[in-house]
Amino acid sequence: MKRLLSLTLILCMMFSIMIPGAAFAAGTESDVTTKALEIYAKLTPTEIADRTAAYNAIVGGTANLDDAAWDLTTMEIENPYYDANYLDLFKDIFPNVKEFVTAVARIQYSYDQTTLDASIANFKTVAAKPSSVMKIVYGGAQYSITNDQLIDLFLGTYQNMSSYVTLQDANALSSAGDVDAFIKAAEGIKVKVYDGVTGATGIRDSLVHFGWNAETVKLADQDMRKALNTVQSGLGNNADIALANAAIRVNTVLKGSTSLTVGSTQSYVVSIFGQDTNLFQITVENPAIVGVNGATLTAKAVGTSKVYLHRAGVDSPVADKDYFHTFTVTVSAKADDNDNDGPSGGGPSGGGTTTPPTTPPVTDPTETNTQTENIAKESENVATEEQAGKVLEDVTKNVTDISKAITTESTTATKQVVVDSVSNLSKAIVNSTKAVTTQEGATKVVNATTTLLTETAKVAGNITDAAQLKSVVDSTTKLVSNANAVMSKVTDSAVATSLANDIIKSAATVVKAANASTTGATKAAVLQNVKKVEAQISAMAKTAIAVAGTTNMTASDVKVNSATGVGSVSVKAGDLAAKAQAAVQTQKTMMDSIKAAGLQTTKNIKPQVVINVPVVEGVKTVEASLDGLSDVFAVVDEVKISTPTASFEIDKNSFAQDLTNTVKVSAENVSVTDLTAAQRAQVPSNAKVVDLNASVGTEKVSTFKTPVTVSLPYELSANENPEKLSVYLLKDDGTVEAVPAKYVDGKVVFKRKGFSFYVVKESSVTFADLNQAAWSKDTVEYLASKGIAIAKSGNNFEPNAKITRAEFLDMLMRIAQLNGDVQKMPFTDVSADAWYAGSVAAAYENGIVSGTTATTFSPDAPITRQDMAVMISKVLMADGYTSADLTELARFNDGNAVETYAKAAVAMVSRETIVNGTPEGNFNPANNTTRAEAAAMIYNMFTK
């Protein structure tokens, strides 16, 4: 479902004031002042000094806002979702945008009553100018807006209203008998929108993740302008009704055919905000063509007639106030099955869905399933790329029979047979991929996948059973994941981009069909699986970006020192310039494709350049030197260096040092026999040991500002369990420290805040008392083997004890791998030698926690579930995850009970399925959590 707001509303939201540290949507000038003063009272001396410096720089004109201005307008908002493309777009529209954003920045960085009053006065002056952004947005003299109205509108702008509308709201709006009742229903929605909205949500959903078309924007824009027209009769200045009308119109989908034959009837259902409702009334333009009886039309004569849907109880509807959907019915002289192809394009909004025809199946589903079973069995024996190609041909030949074997009226058993056929062909594609080694073979895999996904969407459109839809979406997830894996065989950037686009488009059709086929609890269950598809699509996009940004070194590029066994490769920024630009362009293409497909990405997809270093005989240590890395990071966000020993993914913020100096990273396979006696005592004789090092200029880097992701190629032995593989930091004295790691596609992957010796080995950890919460045993032991969960006393985990703030934060920081200085902590209740001090310091220094007061952390206090969500969400945001719709809170019966400061965080952990709630459907935000329950949250986060 597209959730679209007027162009004016989108731009208004784009400039919504958010006071740093608050993340609240303001109402009026007095609301802003009241809230701001509350925030100022809590500022630390350091924060006041920082704000003062920023404010003075902005007022004095020395602040560089050319690039930062857009970030300033979203400071402290979860995931500001702006990039250079949007910056350029709005700079083109508004030539004085810098002046406007500077005025906004002044308000943001005010720090007391005096500076705030001065900043708001300055904003009013800027907003009142004839060329001001707000004046341009809201048109010419015919839309008379006073300066006071302008400032109040700006400060009190609506967020994405349609995101917060429930079935009850939709029915109330649909059934309102008069304007007053309609306004009252809209007011309730407005209150919910204001309650805890965090600023970026509406912008992201309206502008980034959902496509818009000109007609829809024009319609919603007209409604908004009418509401702002002080001389407009009927609506007057009441923005509530206009916004509600706009939201309804752009979120209305008609279900029912618009092609009728004389004597036939058609009943209609309307979906508003994704909820079916029959609380509407029909009026027709030409009663001689079609008659009306409730929600049913009867075709009387050949011809066409417009049909108007409006709120029930209105006998003489007025187009500007009461219509929320218009479509045209065509009546023909005789039935024509080919014309009966579903409902119209959705009236003025240009939206709508189609209902599959109810003709009998073209093919026998049982026969089709038998054929697909045979293809799946054949794929199990594929050993060569030629054999794989034969199976893929069979898949393509048989795939169209799947959708022909099902209609909406098929029995549940028949639909299950067809769903099984989808699963069979998915298995065939995945099995065949194992034998693919070339770009040509990879292309065949993706083409077969695209074809199957297209037919799978048709199947999804004909089923409503939750289990069957889950199976279809699971098959889609596996297919996209498999296609992403085979993309490693693609070397041509244009081919990779084209294949990724094909997968995105075809997978999106499945997602849309699955969403359209479900309602209520079934929809909620299916949406959880849809998120997995979207995650795989993001991974596919990242792979295509990596292909575009890859530079493959040759053996001759590696300079070998035969005496030391060190192979050195040198790369200069100029060598990567073209690849960096290609990565950026491909990232834009991928994001545009995902957006156009109506899909969401829950994690930022960063442009990346990749340097592949080949295997060279006689090389024990690979050392890569990068000159001008600062220039590369001016274009892309990540650099990946892949060597036969290890791969490093370095973020633009990983190094605190000056990157105009030469950066070197190295990886050496170390023989166990070369270790000290103390170290050998901790390492199995066949263990993989590597020595990782980094330097900038002449300085050896011992810690990173943000963690570096390391991947170690690792071949499993016959009896090794990949779930139990762990990485350990091996210290000089022989002690080891577990580092959270996962085994992914033949590699052990982990994040690290510093380099040293590391060993890979199996690990099993258990506790004596886990029988007290037997359900948590596997989860806790898994986390313990990764060094994430530790005992509370002796060999006891104490699973049913309430977890403390320090204990929970420590587990979280072990995953986050962030650094912090214990001497810089302001907390008087955390001693520098406390076992959790390092974790608290890292969390404080990186903005994960701010304490229960300015000087206390309360480490031994139990932690509430909503506070746990806040900590988790901040770690996820630091890792690039995007903010979530507050509609996620609707999953919980008590979603409204979540405190305002935690709403965005709870929405995020819900979206990411880190927290699933109680069996009764509650989140219990203010409750404390046991250590076992907390471990489950951490497990869900780590294993994403």
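Here's what I pulled together on the structure shown here. (Residues numbered from 1 in each chain as written. Predicted model: local features only at pLDDT ≥ 70, side-chain atom pairs only at ≥ 80, totals over all residues. Heavy atoms only, no water.)

**A closer look at helix α31 (residues 931-942)**
Under the 1.5 Å per step criterion, the end-to-end length of α31 is 16 Å for twelve residues, consistent within 8% with the ideal 16 Å. Of the surrounding elements, those touching the buried residues of α31 are β24 (741-744), α26 (777-785), α27 (805-816) and α29 (865-878). (Helix = DSSP H or I, 4+ residues; strand = E, 2+ residues; numbered from the N terminus. Expected span 1.5 Å × (residues − 1). Contact = heavy atoms within 4.5 Å.)

**Considerations on the packing of helix α16 (residues 365-379) against helix α18 (residues 412-433)**
Put simply, α16 and α18 touch, their axes get as near as 8 Å, and they point 20° apart. Judged by the angle between their axes, α16 and α18 are roughly parallel. The two elements α16 and α18 cross, and the hand of that crossing is left-handed. Seen from α16, the contacting residues are P365, T366, T368, N369, T372, E373, I375, A376 and S379; seen from α18, they are T414, V417, V418, D420, S421, N424, L425, K427, A428, N431 and S432. Grouping the constituent residues of the contact of α16 with α18 by class yields seven nonpolar, ten polar and three charged. (Axes fitted to C-alpha atoms, helices over the stretch in contact; angles between N-to-C directions. Parallel < 35°, antiparallel > 145°, perpendicular 65-115°, else oblique. Left-handed = near helix turned anticlockwise from the far one by under 90°. Nonpolar A, V, L, I, M, F, W, Y, C, P; charged D, E, K, R; others polar.)

**Overview of the sheet that holds β24**
With respect to topology, seven strands assemble into an open sheet ordered β11-β14-β16-β17-β21-β25-β24, the strand pairing being mixed. With partners counted over all chains shown, the strands left at the sheet margins are β11 (550-552) and β24, one partner each. Each strand of the sheet is rotated relative to its neighbour by a mean of 15°, with strand direction disregarded. As judged from the five bridges shared by strand β14 (residues 608-612) and strand β16 (residues 638-642), these two strands associate in the parallel manner. Considered in β16, the bridge of V610 is made with K640. Strand contacts of helix α23 (residues 573-596): β11 and β14, with the helix running at about 135° to β14, the strand carrying the most contacts. (Pairing = 2+ DSSP bridges.)

**Considerations on the side chain of S426**
The residue S426 is located in helix α18 in this model. Beyond its immediate sequence surroundings of up to four residues, S426 is in contact with L452, S475 and L479.

**What about the packing of α16 against helix α17 (residues 385-404)?**
Put simply, α16 and α17 touch, their axes get as near as 10 Å, and they point 160° apart. Taken as axis vectors, α16 and α17 run roughly antiparallel relative to one another. Here α16 runs over α17; the crossing is left-handed. The segment α16 lies against α17, with T368, Q371, I375, E378 and S379 engaging K390, V391, D394, V395, N398, D401 and I402. Considered class by class, the residues forming the contact of α16 with α17 number four nonpolar, four polar and four charged.

**Things to note about the packing of aromatic side chains**
Given two aromatic rings, their pairing is described by the distance between the two centres and the angle made by the two planes. One pass over the structure, following the stated rule, counts twelve aromatic pairs. Each ring, one from Y782 and one from F942, has its centre 6.3 Å from the other, and the planes form 50°; the classification is tilted. Within this pair, whereas Y782 is found in helix α26, its partner F942 is found in helix α31, the two being separated by 160 residues in sequence. Each member of the pair, Y782 as well as F942, is classed as buried. Following the ring pairs from residue to residue traces out a cluster consisting of F648, F655, F704 and F755. (Phe/Tyr/Trp six-rings, centres within 6.5 Å; stacked < 30°, edge-to-face > 60°. Buried < 20%, exposed > 50% of the residue type's maximum accessible area, 1.4 Å probe, protein only.)

**As for the pattern of salt bridges**
Here the structure, examined in full by the defined rule, presents 21 salt bridges. A salt bridge links K572 to D627, with the nearest nitrogen and oxygen atoms 3.3 Å apart. Here K572 is found in strand β13 (residues 566-572), whereas its partner D627 is found in strand β15 (residues 621-627), with 55 residues between them in sequence. Residue D627 is classed as partly exposed on the basis of its relative accessible area, which comes to 22%. A salt bridge links K777 to E781, with the shortest nitrogen-to-oxygen separation between them at 2.8 Å. Of the two residues, K777 and E781 are both situated in helix α26; the distance of four residues between them amounts to about one turn of the helix. Each of K603, K751 and D879 takes part in one network of salt bridges that share partners. (Salt bridge = Lys/Arg side-chain N within 4 Å of Asp/Glu carboxyl O.)

**Topic: α23**
The periodicity of an α-helix, 3.6 residues per turn, causes residues three or four places apart in sequence to face the same way. With 24 residues, α23 should reach 34 Å at 1.5 Å per residue; the first-to-last C-alpha distance of 34 Å fits that figure. Of all the bends in α23, the greatest, near 30°, is centred on K579. Every buried residue of α23 is accounted for by A573, L576, A580, A583, T586, Q587, M590, M591, S593 and I594. Positive phi shows up at G598, right after α23, with a value of about 75°. (Bend = angle between axes of the 7 residues up to and from the residue.)

**Regarding the environment of S831**
Note on placement: S831 falls in the loop between α27 and α28 (837-845). The class of S831 is partly exposed, set by a relative accessible area of 39%. Within the local environment of S831, its side chain forms a polar contact with the side chain of D833, the two groups lying 2.9 Å apart. (Polar contact = N/O pair within 3.5 Å; in protein donor to acceptor, adjacent residues only side chain to side chain.)

**Focus on unusual backbone geometry**
Look at S858: it is not a glycine, yet its phi comes out positive at around 60°. Structurally, S858 can be placed in the loop between α28 and α29. Unusually for a residue other than glycine, T913 sits at a positive phi of about 55°.

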